[in-house]
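These are the residues of each chain, in order.
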Amino acid sequence: MALSGKREDLKLVPWFSPAEWHQVYKKIYSNNNDEQVEAYETLLAWKARMPKLPVGVDCTLSIIQVCLRDREWTPKIDNAELPIHYENDLCLMYSTAIMRFLNHISNIGHTKQTSLFQIAKQLNIPEWIVNLRHDAAHGHELPSIDVLRIAVNLLLTWLHEEYWIAEAKALEKYYVKKVEIMEINESEDTEAFTDLIELWVAIGLYIRAGYDLVDSIPDTQLQKTLYDLRMYAVKLTQQIEYSEEESEHIVELKNVRIKKKYSLSAARAILLAEISRYLGKNNQIVNKENIVLNALLESEAFLLTADILTIFSEKDDIEINVEDQLPISIIQFWQDIIILLQDVNMLEALILKLLTLVKNEQEPEYKRYMAALWINTIAQGFAKLSIAQQMFCALEHKLRKTKKPISQKALSLKVEEEVNKKYLNLRNVLFLNISNTIPRFLTDIHFLTDIILNANMFTCKFISPLLQLVIPKLDVDQKEHLLKLIQIYTLNEFNKFDGHSNKINEEIFTIEDIIKLNSEHNDELNRKEEQLRKVTLADQNIRNNQWKLTHVQYSWTECPIGILPWQIDSLQYLKPIKVIATNSNELIPTLVSDIIPGIVDKTNLRMQSQIIWDNVLRKKRRLKRKQQKGEIDIMYKAIEMVKKQK
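Residues numbered from 1 in each chain as written. Predicted model: local features only at pLDDT ≥ 70, side-chain atom pairs only at ≥ 80, totals over all residues. Heavy atoms only, no water.

- An unreviewed UniProt entry annotates the protein chain as Ribosomal biogenesis protein LAS1L originating from Vespula pensylvanica.

Below, the structure is given as structure tokens:
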């Protein structure tokens, strides 16, 4: 953890996240040998990261260490594989762990400058454990190993209640408060941007229905909102001090003339400036990209429903529009927003979200279809941008030679005009900001390969313009073959973006044809194999005495790696450690009198159920904004009004 300076509200800890801390806690109290070993190894890693561990963690490490050592040595001592004096070593290790434990807790909090017996009583530690420490430190003999095992199991239970669960409670209290604040802020930011998008859609729909002035629309609530928005814009332009970033958007607002007659186009210009200001904010909006993109994808005017599609699918659109493409009016409706997303580098993320939506079989088909059409539309825009940028460079170079001054904006408009004139099939395609670059992943052959290999019924709707962008460039035949292959695979027809009308009259093979070809191929292989069998070796001499043939029934799975069958009974290798498999790794005493070190009775862990671990682990709750589709909702009012006008 790198800290720029010392802060009182920060505390250095050895774990990377609450999740790592929680995993160690679960493994320590799992009563499972393998998991406790993993927890012990993680605790050692924490010790390496931060030698001065929290008291509870350090005490747990000492106890787990000696318990694991006891469980490893005791069976060997009982089987005479280890000398009996190893049990004395275990007693010494147990005594050290208990002494370290009591020394640690005697130096924490308000327990300082008090006798150890009083501290133990205050902390609900049995007095006899303090006596054990005294006997171990000053007595002539160490306490018996059975007593020491009981003591460390009791202390492990005490650590659960007084450190691990207490720490979890503190984390829960802190994160619940922090998450609530973050969720409130994110909810407010989400609602703010969603309101802007809904206003944008509502105004656009009223303009499309033929309304010119704000006063003429039938929604009084929307009128009031738009007048409030104009007053806000006026106050914003009158501010003396504002950031350089905001000044760019305020200039846009100044260009909107405030007249007595308040037009809907002026209101939409103000709203576009406000959306631009929101997107360009450098303040601490959490997950701003997700907020913006989710608001778009949840809007029924972006991923169009049947009702809204009928509003935009007018006769002029149907005559010009190509099958399996968005209506031209929809593209023009959202063009300003798409360009804003491109300017703030969110258009790449939008494409990836749309691709994810297309792949998600749990989503409704109409949403996946509309997402595919939007990918197609944006990809066509980038294909047009690629052509425009080449033309822009050539035209700019030409103007530099003639030394004719021309602004970038005028040059961009000139290029747009030339592209629309020269490429008629691109006339109604998005014209993106010419100063921005094409996303690198759209030109990556590996990215396109992944899409083709995972093609579905909607891939044909957007794959054609993506083939135009990929580097290295594909020739016409390669593109035609790929499109034909995807068409066959998905049982779909594709949309030819580049306007080529070449048709591939190739034979399509059936399963029966493949089986027949495979049979002929197998016959040929059998003939070659028969010929090889007739070929004999020059001699039958064995040139390597280290290798011997084994019998056919030999079970190679029982042979250790790196050991040949005839070496098993020799002394040329070390025998591998045998691991005796059991039905369960969980260690449970067979009798009440049995004591297994490090294994605690889970019924004594009373505080565990009081913790809500989702809060400790900061599993975020998503707050979904409820949209009331009725007379209160501005956008749905606009939809109903426009449908009546048609």
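## Notes on the overall build of the protein chain
So, step 1. In terms of regular secondary structure, the protein chain is built from 23 helices and 0 strands.
So, step 2. For the protein chain, the residues scored as buried account for 40% of the 646 residues in total.
So, step 3. Sequence separation of at least 24 residues holds for 71% of the intrachain contacts in the protein chain that already meet a minimum separation of 6.
So, step 4. Split by element, the accessible area of the protein chain, about 40200 Å² in all, is 53% carbon and sulfur. (Helix = DSSP H or I, 4+ residues; strand = E, 2+ residues; numbered from the N terminus. Buried < 20%, exposed > 50% of the residue type's maximum accessible area, 1.4 Å probe, protein only. Contact = heavy atoms within 4.5 Å. Areas by Shrake-Rupley, 256 points an atom, 1.4 Å probe, with all protein chains shown as cover.)

## Details of the nonpolar core
So, step 1. Within the largest apolar cluster, 103 residues are counted, with the highest numbers of intra-cluster contacts made by L226, W334, L350, W374 and F382.
So, step 2. Here the element with the most residues in this core is helix 16 (residues 365-402); it accounts for 16 residues.
So, step 3. For W334, the residues in contact, after removing those within four places along its chain, are I197, W200, V201, L296, S299, A301, F302 and W374.
So, step 4. If you look at the next biggest cluster of nonpolar residues, it comprises 53 residues, including L53, C91, L123 and V130. (Core = buried A, V, L, I, M, F, W, Y, C linked by side-chain atoms within 4.5 Å.)

## Quick word on a nonpolar patch on the surface
So, step 1. There is a patch of nonpolar side chains on the surface, built from W128, V147 and I150 and spanning about 230 Å² of accessible area.
So, step 2. Along the chain, V147 falls in helix 7 (residues 145-208). (Patch = residues over 30% accessible without salt bridge, like charges linked within 9 Å, V, L, I, M, F, W, Y side chains within 5 Å. Salt bridge = Lys/Arg side-chain N within 4 Å of Asp/Glu carboxyl O.)

## Topic: the packing of helix 16 against helix 17 (residues 408-422)
So, step 1. At their nearest, the axes of helix 16 and helix 17 sit 9 Å apart, and the two run at 125 degrees to each other. For the element pair helix 16 / helix 17, the angle class is oblique. Seen along the crossing, helix 16 lies across helix 17 with a hand that is right-handed. In this structure, helix 16 uses K384, A388, M391, F392, L395, E396 and L399 to contact helix 17, whose residues at the interface are Q408, L411, S412, K414, V415, E418, V419, N420 and K422.
So, step 2. For the contact of helix 16 with helix 17, the class distribution of residues is 8 nonpolar, 3 polar and 5 charged. (Axes fitted to C-alpha atoms, helices over the stretch in contact; angles between N-to-C directions. Parallel < 35°, antiparallel > 145°, perpendicular 65-115°, else oblique. Left-handed = near helix turned anticlockwise from the far one by under 90°. Nonpolar A, V, L, I, M, F, W, Y, C, P; charged D, E, K, R; others polar.)

## What to know about the side chain of D70
So, step 1. Mapped onto the elements, D70 comes out in helix 3 (residues 55-78).
So, step 2. Setting aside residues no more than four positions away along its own chain, D70 makes contact with P75, L90, Y94, I145, R149 and P597.

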